[in-house]
Amino acid sequence: IALDGLSAFFCLPVLILAPLAALYGRAYLAHDTRRPGPVWFFYNLLVASLTVVLAARDGMLFLVAWEIMAVASFGLVVYDHQRPDVRAAGWTYLVATHMGTAALMVYFALLGNRAGSLDFAAIAAAGPPGSATAGILFALALAGFGAKAGLLPLHIWLPEAHPAAPSHVSALMSGVMINSGIYGVLRAVTFAGAPPAAWGWTLVGLGLASGIAGVVLALVQTDLKRLLAYSSVENMGVVCLGLGAGLLGLSWQMPLLAALGLAGGLLHLLNHALFKG
């Protein structure tokens, strides 16, 4: 495990929002007659696994932490498991997140087979793959990480799971857990060398689709938590717009566009984590 600038930036909203949401959750659950142990066990496990995902420097450790994050958040989503709609939301989330994990397993298997190791330093040292292989790897990363980020059309789980979870858990999932998907996309780009323009246009297109659809769907909601969930879809779309512009700047060798796009996307990611929480 290690921290570089990218990991440290993504750890910042986790370590700001997690304790604040926990303080709110203590009062939020005070009226509940059930034992609080399970919900806090899964909450702490979610925060710990999120931090390990961001600090992992090995593909196997990353996938193990990613899976623990998925299971811990599932345990929180189904907190009110007596209700059929909550159980249905939990299963929707579990299926969606494991479809994404399946894509990531193939992604890391291809990277590890090429580099002879799952160590991130070895993967980076192997150099950029050929264009065809790089395209496949980017598609797998986008499928696996895009599902966690709630990008269109992989957002189906988000408006179901967030309303089902306790409010302090919704804040953590919507404010920081979905950021791990954006982190994964950026980390994947660092393994690929200079990104082709098509990658930038793909992120711009996904960002536009997610941003517009998220706003439209949010406007027609009558449940506040579903509205906030679709708002997260929209905001992840805005983040992707910035990152896509940044990748275009890197591809076209335009440093100013690259810096403004990437910095704008990351600034809005932090902004979203704070205001959504």
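As the structure is a prediction and not an experimental result, all values here were calculated from the model.

Visitor: I would appreciate a short explanation of the overall build of the protein chain in the present structure.
Guide: Regarding its fold elements, the protein chain presents twelve helices and zero strands. Listed by position from the N terminus, the elements making up the protein chain come as α-α-α-α-α-α-α-α-α-α-α-α. Compactness check: the protein chain gives a C-alpha radius of gyration of 18 Å against a globular reference of 19 Å for 277 residues, within 12% of the reference. If you line up the protein chain on its principal axes, its C-alpha atoms span 55 × 40 × 30 Å. Buried positions account for 52% of the 277 residues belonging to the protein chain. In the protein chain, 75% of the contacts between residues at least 6 apart in sequence involve partners at least 24 apart. In the form shown here, the protein chain has an accessible surface area of approximately 11800 Å², with 73% of it arising from carbon and sulfur atoms.

Visitor: Looking at this structure, I do not really get a nonpolar patch on the surface. What am I missing?
Guide: Together, Leu12, Ile16, Leu20, Leu23 and Leu274 make up a nonpolar patch on the protein surface, roughly 460 Å² of accessible area in all. Residue contributions to the nonpolar patch peak at four residues, all from helix H1 (residues 5-28). The topology assignment puts leucine 23 in helix H1. Here leucine 23 falls in the exposed class, since its relative accessible area comes to 62%.

Visitor: So what exactly am I meant to see when it comes to the nonpolar core here?
Guide: Note on soluble globular proteins: their nonpolar side chains tend to be buried together. Counting residues in hydrophobic clusters, the biggest one holds 80 residues, and the most contacted among them are Phe10, Phe62, Tyr107, Trp157 and Ile182. With ten residues, helix H4 (residues 84-115) is the single largest residue contributor to this core.

Visitor: Just checking my understanding: could you explain the pattern of salt bridges for this structure?
Guide: Two side chains that carry opposite charge are able to pair once their charged atoms sit near each other. Applying the stated criterion across every chain yields a total of five salt bridges. Between arginine 226 and glutamate 160 there is a salt bridge, and its shortest N-O distance comes to 3.4 Å. Of this pair, arginine 226 sits in helix H11 (residues 224-251) while glutamate 160 sits in helix H7 (residues 158-164), and the two are 66 residues apart along the sequence. When salt bridges that share partners are traced, they join Asp4, Arg57 and Arg187 into one network.

Visitor: Can you help me understand the state of the cysteines in this one?
Guide: Note on terminology: a disulfide is the covalent bond linking the sulfur atoms of two cysteines. The full count for this structure, using the stated rule, is zero disulfides. There is no disulfide at cysteine 11, and the cysteine sulfur nearest it, in cysteine 240, is 20 Å away. Overall, cysteine 11 belongs to the buried group, its relative accessible area being 8%.

Visitor: Looking at this structure, I do not really get helix H3 (residues 59-77). What am I missing?
Guide: In an α-helix, one turn spans 3.6 residues; hence positions three or four apart end up facing the same way. Counted at 1.5 Å a residue, the expected span for H3 with its 19 residues is 27 Å, and the 27 Å between its end C-alpha atoms agrees. The residue sitting at the N-terminus of H3 and contributing the capping side-chain oxygen is aspartate 58; that oxygen lies 2.9 Å from the backbone nitrogen of methionine 60.

Visitor: How should the side chain of serine 73 be read in this particular structure?
Guide: Take serine 73: it is sitting in helix H3. What makes serine 73 buried here is its relative accessible area of 0%. A polar contact of 2.5 Å, which involves the side chain of serine 73, links it to the side chain of tyrosine 93. Once residues lying within four places of it in the same chain are set aside, the contact partners of serine 73 are Leu46, Tyr93, Met173 and Met177.

Visitor: Quick question: what am I supposed to make of the packing of helix H2 (residues 37-55) against H3 here?
Guide: When two helices pack together, their arrangement is given by the angle between the helix axes and the distance between those axes. Between H2 and H3, whose axes approach to 8 Å, the crossing angle comes to 150 degrees. It follows from the interaxial angle that H2 and H3 lie roughly antiparallel. With respect to the hand of their crossing, H2 and H3 are arranged in left-handed fashion. Between H2 and H3, the contacting residues are Val39, Phe42, Tyr43, Leu45, Leu46, Ser49, Leu50, Val52 and Val53 on the first element and Leu61, Phe62, Ala65, Trp66, Ile68, Met69, Val71, Ala72, Ser73, Gly75 and Leu76 on the second.

Criteria and thresholds
- Residues numbered from 1 in each chain as written.
- Predicted model: local features only at pLDDT ≥ 70, side-chain atom pairs only at ≥ 80, totals over all residues.
- Heavy atoms only, no water.
- Helix = DSSP H or I, 4+ residues; strand = E, 2+ residues; numbered from the N terminus.
- Rg over C-alpha atoms; globule rule 2.2 N^0.38 Å.
- Buried < 20%, exposed > 50% of the residue type's maximum accessible area, 1.4 Å probe, protein only.
- Contact = heavy atoms within 4.5 Å.
- Areas by Shrake-Rupley, 256 points an atom, 1.4 Å probe, with all protein chains shown as cover.
- Patch = residues over 30% accessible without salt bridge, like charges linked within 9 Å, V, L, I, M, F, W, Y side chains within 5 Å.
- Salt bridge = Lys/Arg side-chain N within 4 Å of Asp/Glu carboxyl O.
- Core = buried A, V, L, I, M, F, W, Y, C linked by side-chain atoms within 4.5 Å.
- Disulfide = S-S within 2.5 Å.
- Expected span 1.5 Å × (residues − 1).
- Polar contact = N/O pair within 3.5 Å; in protein donor to acceptor, adjacent residues only side chain to side chain.
- Axes fitted to C-alpha atoms, helices over the stretch in contact; angles between N-to-C directions.
- Parallel < 35°, antiparallel > 145°, perpendicular 65-115°, else oblique.
- Left-handed = near helix turned anticlockwise from the far one by under 90°.

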